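Fold and geometry: a report
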Amino acid sequence: ENGIFDFSYKKNKKPQYTINEHHQKLVDDIVKENKLSESVQKDLNHVFRHIFWFFENKGLAAVQITDDDLLEFITEEIPRTVKYTTDRTMRVVRMTASYLKTHNIGDVKKDFSLLKVRGHRENIINPFSTDEVNSILNTMENSDNYDIRDLAIVLLAYDTGLRWCDIK
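This write-up is about the structure you can find in this document. (Residues numbered from 1 in each chain as written. Predicted model: local features only at pLDDT ≥ 70, side-chain atom pairs only at ≥ 80, totals over all residues. Heavy atoms only, no water.)

The geometry of two aromatic rings is summed up by the distance between their centres and the angle between their planes. Using the criterion set out here, one finds four aromatic pairs in the structure. Between Tyr17 and Trp53 the ring centres are 4.8 Å apart and the planes differ by 55°, which places this aromatic pair in the tilted class. With Tyr17 in the segment before α1 (21–33) and Trp53 in helix α2 (residues 38–57), the pair connects residues that are 36 residues apart, well separated along the chain. Site record: aromatic cluster; members linked through ring pairs are Phe52, Phe54, Phe55 and Phe73. (Phe/Tyr/Trp six-rings, centres within 6.5 Å; stacked < 30°, edge-to-face > 60°. Helix = DSSP H or I, 4+ residues; strand = E, 2+ residues; numbered from the N terminus.)

The next subject is helix α6 (residues 148–160). The first and last C-alpha atoms of α6 sit 18 Å apart over 13 residues, in line with the 18 Å expected at 1.5 Å per residue. Phi turns positive, to about 80°, at Gly161, one or two residues after α6. (Expected span 1.5 Å × (residues − 1).)

On to the environment of Thr18. Here Thr18 shows up in the segment before α1. On a C-alpha basis, the gap between Thr18 and His50 in space is 8.1 Å, while along the polypeptide they are 32 residues apart. Non-local contacts of Thr18, meaning those with residues more than four positions away in its chain, are made with Trp53 and Glu56. (Contact = heavy atoms within 4.5 Å.)

Side chains that differ in sign of charge can pair as their charged atoms come close. Summed over all chains, the structure comprises eight salt bridges. When the shortest N-O distance is used, the salt bridge between Arg88 and Asp43 registers 2.8 Å. You can see Arg88 sitting in helix α4 (residues 87–102) and its partner Asp43 sitting in helix α2, a full 45 residues away along the chain. Taking relative accessible area as the criterion, Asp43 reaches 38% and is therefore assigned partly exposed. (Salt bridge = Lys/Arg side-chain N within 4 Å of Asp/Glu carboxyl O. Buried < 20%, exposed > 50% of the residue type's maximum accessible area, 1.4 Å probe, protein only.)

Moving on: a nonpolar patch on the surface. Together, Phe128, Ile136 and Tyr158 make up a nonpolar patch on the protein surface, roughly 270 Å² of accessible area in all. When you line up the elements, Tyr158 lands in helix α6. (Patch = residues over 30% accessible without salt bridge, like charges linked within 9 Å, V, L, I, M, F, W, Y side chains within 5 Å. Areas by Shrake-Rupley, 256 points an atom, 1.4 Å probe, with all protein chains shown as cover.)

Looking now at α4. With 16 residues, α4 should cover 22 Å at 1.5 Å per step; its first-to-last C-alpha distance of 22 Å lies within 8% of that length. Buried positions along α4 lie against α1, α2 and α3 (67–81). Backbone geometry just downstream of α4 places Asn104 in the positive-phi region, at approximately 50°.

This part takes up the nonpolar core. Core analysis: the largest hydrophobic core is formed by 31 residues, its most contacted members being Leu26, Phe48, Ile51, Phe52, Phe55, Ile65 and Leu70. Taken together, the elements giving at least two residues each to this core come down to α1, α2, α3 and α4. Each residue touching Phe55, except ones within four places of it in the same chain, is listed here: Leu60, Ile65, Asp69 and Leu70. (Core = buried A, V, L, I, M, F, W, Y, C linked by side-chain atoms within 4.5 Å.)

Take the packing of α2 against α4 next. Two elements in contact, α2 and α4, have axes separated by 9 Å at closest approach and are oriented at 70°. The pairing of α2 with α4 is recorded here as roughly perpendicular in orientation. For the pair formed by α2 and α4, the contact residues are Val40, Asp43, Leu44, Val47, Phe48, Ile51 and Phe52 on the first element and Arg88, Thr89, Arg91, Val92, Val93, Met95 and Thr96 on the second. Here the residues of the contact of α2 with α4 are counted per class, giving nine nonpolar, two polar and three charged. (Axes fitted to C-alpha atoms, helices over the stretch in contact; angles between N-to-C directions. Parallel < 35°, antiparallel > 145°, perpendicular 65-115°, else oblique. Nonpolar A, V, L, I, M, F, W, Y, C, P; charged D, E, K, R; others polar.)

At Lys35, a position not held by glycine, the phi torsion is positive, near 50°. In this structure, Lys35 sits in the loop between α1 and α2. With relative accessibility at 73%, the residue Lys35 sits in the exposed group. One non-glycine residue with positive phi stands out, namely Asn104, at about 50°.

Function cannot be inferred from these measures alone, as they are strictly geometric.
In structure tokens:
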């Protein structure tokens, strides 16, 4: 209305997940050990605080964290609080579990390194319809260079979805 717009950014003074000094030092050690860049540190800081905030609310110190606690964070806390992608959260879980396991902190025995978020499967190229395959086969049969091997290759590609380089 007055022609003046305030473009300043007002950051929350208090982080959403506050953690104690001991856990913050642990986060700093995990970040340092993983040699994360400054931009990645900023990106993951919120997630690190979230996981240790979760443990603190359960009344756990780092030395009391178990595989079950990490799994509970993944299966109960993440679906309840993370609204969008969980890639960053799972990355932090992997780094945290690896650090705790490597340094014998807590009772973490399982290997969380293979824990990844499964992406949505998408077919980039739509498969041929039955009519299109029949048309291809009819064209092959009517050509002078018809070979049973070529027919087998076309049918293999159609039935299995293998790429030409895999069939080759």
